[in-house]
Amino acid sequence: MIAPMRRLVTVHFLLIACLLAACVAPITPPEKFSVITHPDGPLYASDQVSFEVLPPSGFESEGHEVQVSLDDRELGRAGFGPYGVAGRTEATLWWAWDTRDLQPGPETLTFTILPDGPTWQETVTFHPQSGVPPPEPEAHWAVLTSDCCALNYITGTAAGRDIASLAQVADEQAADLTARMGKNLNEKIQVVFMPRVLGNGGFTGNAIYVSYLDSAYLGNATAQVLHHEFVHWFDALAGGDLRPTLFQEGLAVYLSGGHFKPEPLIPRATTLLELGWYIPLRTLADDFYPQQHEIGYLEAAALVEYLVETYGWEAFDAFYRDIHATPDGRDSQAIDAALRKHFQITFAELEGSYLEFLRGQTVPSNVRDDLRLSVQFYDTVRRYQQALDPSAYFMTAWLPDYMMMSQRGIVADFLRHPSGVDNSLIEAMLVNADHSLRAGEYNQAERTLKGVNVLLAVLTAGK
Ligand SMILES: [Zn+2]
């Protein structure tokens, strides 16, 4: 009953998208400085506004600062440095502009690169404070303390509504890891529920940040994402030295029994070989994050499972916590040295036996379809984020510190996101694709994803 309706909706979306194509603004030419303001979407008088200033390619950023001024008043200045997972060079001015005394309408800012220019102006338009979307302006930070965690959330959001059951879920996931990793928490884990999809739905910094909202296009995988991020927390508590990314992420997916849902890791890794998607382990170890995300995480998790099955948990754990940096700075060399010491094998020999093990597995067809379409789904999500919600794209995501937000009474950076019609259309289609995928309706998922990709191609044509 649902499928025909979804098809209709898809066609409808495509038609509307064609009409929207003309509304997409061209990107700033790369030879100029460009400015991104936050919070995303329209700005309202009373917002606390941040700026990301991106230099043109080839700009020698060392020794330069950017200064932002309104009339003759300096709002702030900052030097250039690497930002985000991508290490993108930019100057970041966090909440530099408190606009609570401004009237609605346009304001012209002057940006100056110090010490030797250039100088340029940007006009920002403010909407009346009365138009700020709900749950603002009442929304504020709150915290609920459970056995494991301090659960931080914004009132008036889905997390605020569900906080008691979320606390229960968090406690269950943490109790599982206390039992499996033999470590007790010495302090509460700080968890932050974000009412916005950022990156892949969760990340760990000074707290564990998890996206939680109704109709999130990454699906409702809160328990899985919390478990994954809690593994990183317990992993850090358990100590070690280098802890290569390959094993940190592999361990998180392995102990969580899957990446975004429970899934059979070894048969899925075998499918990588069949599809020609396998990444050589040295490449993965030395350059983990730039690889295709789902493939890298799966391959790492299956490798951890293989090591645990071959040598046992205790031996794997002892090996993993005894990996030390080598002079060339390459994780593959460090792993090789530790493998020789603990298991008397080289990294190449481990890969040889891992591959042999994988080739000996049989793969059910639904596992193959699920993996193929999962990779396509998350690639499409990232393509959407890069094109139409760039602050959500994990390589350069806008990830404000919740403690600073809480201290300064700021909620907008997590509450607002690009809310144009094109965003709503594509996100609704991604929600459909996610439901189809999780229900095993692979043909339907594939059709919807095709629709999203056609739409994105239309919307980004000429960009
Ligand atoms: Zn992780």
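Check the entry above for the structure.
Rules used in this analysis
- Residues numbered from 1 in each chain as written.
- Predicted model: local features only at pLDDT ≥ 70, side-chain atom pairs only at ≥ 80, totals over all residues.
- Heavy atoms only, no water.
- Helix = DSSP H or I, 4+ residues; strand = E, 2+ residues; numbered from the N terminus.
- Buried < 20%, exposed > 50% of the residue type's maximum accessible area, 1.4 Å probe, protein only.
- Contact = heavy atoms within 4.5 Å.
- Areas by Shrake-Rupley, 256 points an atom, 1.4 Å probe, with all protein chains shown as cover.
- Phe/Tyr/Trp six-rings, centres within 6.5 Å; stacked < 30°, edge-to-face > 60°.
- Salt bridge = Lys/Arg side-chain N within 4 Å of Asp/Glu carboxyl O.
- Axes fitted to C-alpha atoms, helices over the stretch in contact; angles between N-to-C directions.
- Parallel < 35°, antiparallel > 145°, perpendicular 65-115°, else oblique.
- Left-handed = near helix turned anticlockwise from the far one by under 90°.
- Disulfide = S-S within 2.5 Å.
- Pairing = 2+ DSSP bridges.
- Expected span 1.5 Å × (residues − 1).
- Arc of directions from axis to C-beta.
- Core = buried A, V, L, I, M, F, W, Y, C linked by side-chain atoms within 4.5 Å.

Caption draft 1: Region of the structure containing the overall build of the protein chain. Helix and strand counts for the protein chain stand at 16 helices and 14 strands. In terms of overall dimensions, the protein chain has a C-alpha envelope of 70 × 55 × 45 Å along the principal axes. Burial analysis of the protein chain (463 residues in total) assigns 54% to the buried set. Taking all contacts inside the protein chain whose residues are at least 6 apart in sequence as the whole, residues at least 24 apart take part in 67%. When the accessible surface of the protein chain is summed, it comes to about 20,300 Å², and 53% of that surface belongs to carbon and sulfur atoms.

Caption draft 2: A look at the packing of aromatic side chains. Within the structure shown, the criterion is met by 33 aromatic pairs. Here Trp 97 and Phe 126 contribute two aromatic rings whose centre-to-centre distance is 5.2 Å and whose plane-to-plane angle is 85 degrees, an arrangement assigned as edge-to-face. Taken together, the residues span a long stretch of sequence, with Trp 97 in strand β7 (residues 88-98) and Phe 126 in strand β9 (residues 119-127) at a distance of 29 residues. A single burial state applies to Trp 97 and to Phe 126, both of which are buried. Clustering of aromatic rings is evident, with ring pairs tying together Phe 33, Phe 51, Phe 59, Phe 80, Trp 97, Phe 111, Trp 120 and Phe 126.

Caption draft 3: Quick peek at the pattern of salt bridges. Tallied over the full model, the rule gives 28 salt bridges. Three or more residues joined by partner-sharing salt bridges are found here, namely Asp 235, Arg 243, Asp 317 and Arg 321.

Caption draft 4: Seen up close, the packing of helix α3 (residues 163-181) against helix α4 (residues 222-238). Running from N to C, α3 and α4 cross one another at 40 degrees; their axes reach a closest spacing of 9 Å. In terms of orientation, α3 lies oblique with respect to α4. Crossing of α3 over α4 shows right-handed handedness. Contacts between α3 and α4 involve Leu 166, Val 169, Ala 170, Gln 173, Ala 174, Asp 176, Leu 177, Thr 178 and Met 181 from the former and Thr 222, Ala 223, Leu 226, His 227, Phe 230, Val 231, Phe 234 and Asp 235 from the latter.

Caption draft 5: Local environment of the state of the cysteines. If you walk through the whole model with that rule in mind, you get 1 disulfide. Between Cys 148 and Cys 149 runs a disulfide, and the two sulfur atoms are separated by 2.3 Å. The sign of the -100 degrees torsion about the S-S bond sets the Cys 148-Cys 149 disulfide as left-handed. Judged by its relative accessible area of 4%, Cys 148 is buried. In this structure Cys 149 comes out as buried when scored by relative accessible area, which is 0%.

Caption draft 6: Representation of the sheet that holds strand β11 (residues 149-154) in the model. Pairing in this open sheet of 5 strands is mixed, and the strands run β10-β11-β12-β14-β13 from one edge to the other. Unpaired on one side and paired on the other, β10 (141-145) and β13 (202-204) mark the two borders of the sheet. Between one strand axis and the next, the sheet turns by 20 degrees as a mean value, whatever way the strands run. For strand β12 (residues 189-194) and strand β14 (residues 208-211), the ladder comprises 4 bridges, and the chain directions are parallel. Within β14, the residue paired with Met 194 across the bridge is Ser 211. Its contacts with the sheet place α3 against β10, β11 and β12, and it is angled at close to 145 degrees to β11.

Caption draft 7: Representation of α3 in the model. With 19 residues, α3 extends 26 Å from end C-alpha to end C-alpha; this agrees with the ideal 27 Å at 1.5 Å per step. Regarding α3, the residues found buried are Ile 163, Leu 166, Ala 167, Ala 170, Gln 173, Ala 174, Leu 177 and Met 181. In an axial view of α3, the angular spread of the buried residues amounts to 135 degrees, which keeps them on one side of the axis. The exposed residues of α3 that point more than 90 degrees off its buried face are Ala 164, Gln 168 and Ala 179. Contacts made by the buried residues of α3 are with β10, β11, α2 (158-161), β12, α4 and α5 (245-255).

Caption draft 8: Structural view of the nonpolar core. Judged by nonpolar contacts, the single largest core of 72 residues is most densely connected at Phe 193, Phe 230, Leu 246, Phe 247, Phe 316, Phe 319 and Tyr 354. Among the elements that line this core, the one with the most residues is helix α8 (residues 293-311), at 11 residues. Excluding anything up to four places from it in sequence, Phe 247 contacts Leu 303, Val 304, Leu 307, Phe 316, Phe 319, Tyr 320, Ile 323 and Ile 335. Grouped together as the second largest cluster of nonpolar side chains are 25 residues, Tyr 217, Ala 433, Tyr 442 and Leu 456 included.

Caption draft 9: The arrangement of the sheet that holds strand β3 (residues 48-54) in detail. The 4 strands are arranged β1-β3-β7-β6 in an open sheet whose pairing can be described as antiparallel. Strand pairing shows two members of the sheet lacking a second neighbour, β1 (34-38) and β6 (81-83), which therefore form its edges. Direction aside, the axes of adjacent strands within the sheet are offset by 45 degrees on average. Here 3 bridges tie β6 to β7, and the two strands are oriented antiparallel to one another. Note on β7: the bridge partner recorded for Gly 81 is Glu 90.

Caption draft 10: Just the side chain of Asp 370, in detail. As for its placement among the helices and strands, Asp 370 is situated in helix α12 (residues 365-388). Among all residues touching Asp 370, those that are not within four sequence positions of it are Lys 261, Arg 268, Leu 437 and Tyr 442.

Caption draft 11: Structural detail: unusual backbone geometry. Omega for the bond connecting Gly 117 with Pro 118 falls within 30 degrees of zero, at 10 degrees, which places this linkage in the cis form. Pro 137 follows Glu 136 through a cis peptide bond whose omega is 5 degrees. Relative to the assigned elements, Pro 137 resides in the loop between β9 and β10. With phi around 55 degrees, Asp 71 is a residue other than glycine that occupies positive phi space. Classification of Asp 71 by relative accessible area gives exposed; the value is 64%. The phi torsion at Arg 243 lies on the positive side, around 40 degrees, for a residue other than glycine. Since its relative accessible area comes to 17%, Arg 243 is described here as buried.

Such coordinate-based values are descriptive only and should not be taken to indicate function.
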